[in-house]
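Listed here are the chains, written in short residue letters.
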Amino acid sequence: KFQDINKELRFFFVGRDFYRKGMYECLLALKQLRATYPIHLTLVSGLKQGYAYRVPKYTAEEEAAVQGIIRDNPDWIEFHESLPNAQVLSLCKRTHIGLLPTYRDSFGYSTIEMQSCGCVVLSTDIFALPELNDPEIGYVCAIRHAVDALTDGDDAAVQALRPLLAQQLQEQLTRMMAERGTLVDKAQMSLARVAERYDPERHGERLYKLYQECGKK
């Protein structure tokens, strides 16, 4: 699937909480990128905002702007409110870049799912995500230093995460375009890492050996 990256670079996002996962800033960044590079974006999301602890808030006007961008650009944005998991994985397998530029996630399981489909992932570096994605195999927006510095009640600092993420997205997307020739290598390394760290059969074998060793003591 990486043979046509110069013809069109395909991006993919799946997740209910569109705003918590940083996709407002990402959508604007991709819209700007679209003016220069041929890209395609697939969204599988209910476009929900809701409340999330220490996550920026978005206005009704901004939510309407998201709806408008999706509605007015069917030539490069494919939108689904929801899909069965099998169809999600099928779309993911045709994708080059998986997106999780999130402000707050416990683990980020979609990262592993996208990597297992041969996607290079663009994520942030919060919480457990550095264990799943790093600059060797993907692209990382550095916001952890600002997230870790947040204190309760400092709404201004929470909102300041938005321009920081927007800047990081611009930098990483620019780098990605300049390094398109390395994307297939990153995808292969992502697949190898998923197989090494998260394959259930390999984990079963490790646990079996561990139990055998414990039984000998």
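As a reminder, the structure under discussion sits directly above these lines.
Analysis parameters
Residues numbered from 1 in each chain as written. Predicted model: local features only at pLDDT ≥ 70, side-chain atom pairs only at ≥ 80, totals over all residues. Heavy atoms only, no water. Axes fitted to C-alpha atoms, helices over the stretch in contact; angles between N-to-C directions. Helix = DSSP H or I, 4+ residues; strand = E, 2+ residues; numbered from the N terminus. Parallel < 35°, antiparallel > 145°, perpendicular 65-115°, else oblique. Left-handed = near helix turned anticlockwise from the far one by under 90°. Contact = heavy atoms within 4.5 Å. Nonpolar A, V, L, I, M, F, W, Y, C, P; charged D, E, K, R; others polar. Phe/Tyr/Trp six-rings, centres within 6.5 Å; stacked < 30°, edge-to-face > 60°. Buried < 20%, exposed > 50% of the residue type's maximum accessible area, 1.4 Å probe, protein only. Lys NZ or Arg CZ within 6 Å of the ring centre and 35° of its normal.

Q: If you had to explain the packing of helix α1 (residues 23–34) against helix α8 (residues 161–178) to someone new, which residues and values would you point to?
A: In contact at an axis separation of 9 Å, α1 and α8 are set at 40° when each is read in the N-to-C sense. The orientation of α1 with respect to α8, classified from their angle, is oblique. In terms of crossing hand, the pair formed by α1 and α8 is right-handed. Residues Tyr24, Glu25, Cys26, Ala29, Leu30, Gln32 and Leu33 of α1 form the contact with α8, whose participating residues are Arg162, Leu165, Ala166, Leu169, Gln170, Leu173 and Met177. The residue makeup of the contact of α1 with α8, split by class, is ten nonpolar, two polar and two charged.

Q: Any chance you could break down the packing of helix α9 (residues 183–198) against helix α10 (residues 200–216) for me, citing the residues and the numbers?
A: Between α9 and α10, whose axes approach to 6 Å, the crossing angle comes to 35°. Judged by residue contacts, Ala195, Glu196, Arg197 and Tyr198 of α9 engage Pro200, Arg202, His203 and Arg206 from α10. Of the residues belonging to the contact of α9 with α10, the class tally is three nonpolar, one polar and four charged.

Q: Residue-level account of the packing of aromatic side chains, with values.
A: All told, the structure shown has six aromatic pairs when counted by the stated rule. Note on phenylalanine 107 and tyrosine 109: the rings are 4.8 Å apart at their centroids and 50° apart in plane angle, and the pair reads as tilted. Here phenylalanine 107 falls in the partly exposed class, since its relative accessible area comes to 23%. Tyrosine 109 gets classed as exposed once you look at its relative accessible area, which sits at 59%. Put simply, the rings of Phe13, Phe18, Tyr19, Tyr24 and Tyr58 touch in pairs and so form one group of aromatic residues. We note lysine 186 situated over the ring of tyrosine 139; from NZ or CZ to the ring centre the distance is 4.8 Å.

In short, shape yes, function no, at least from these values alone.
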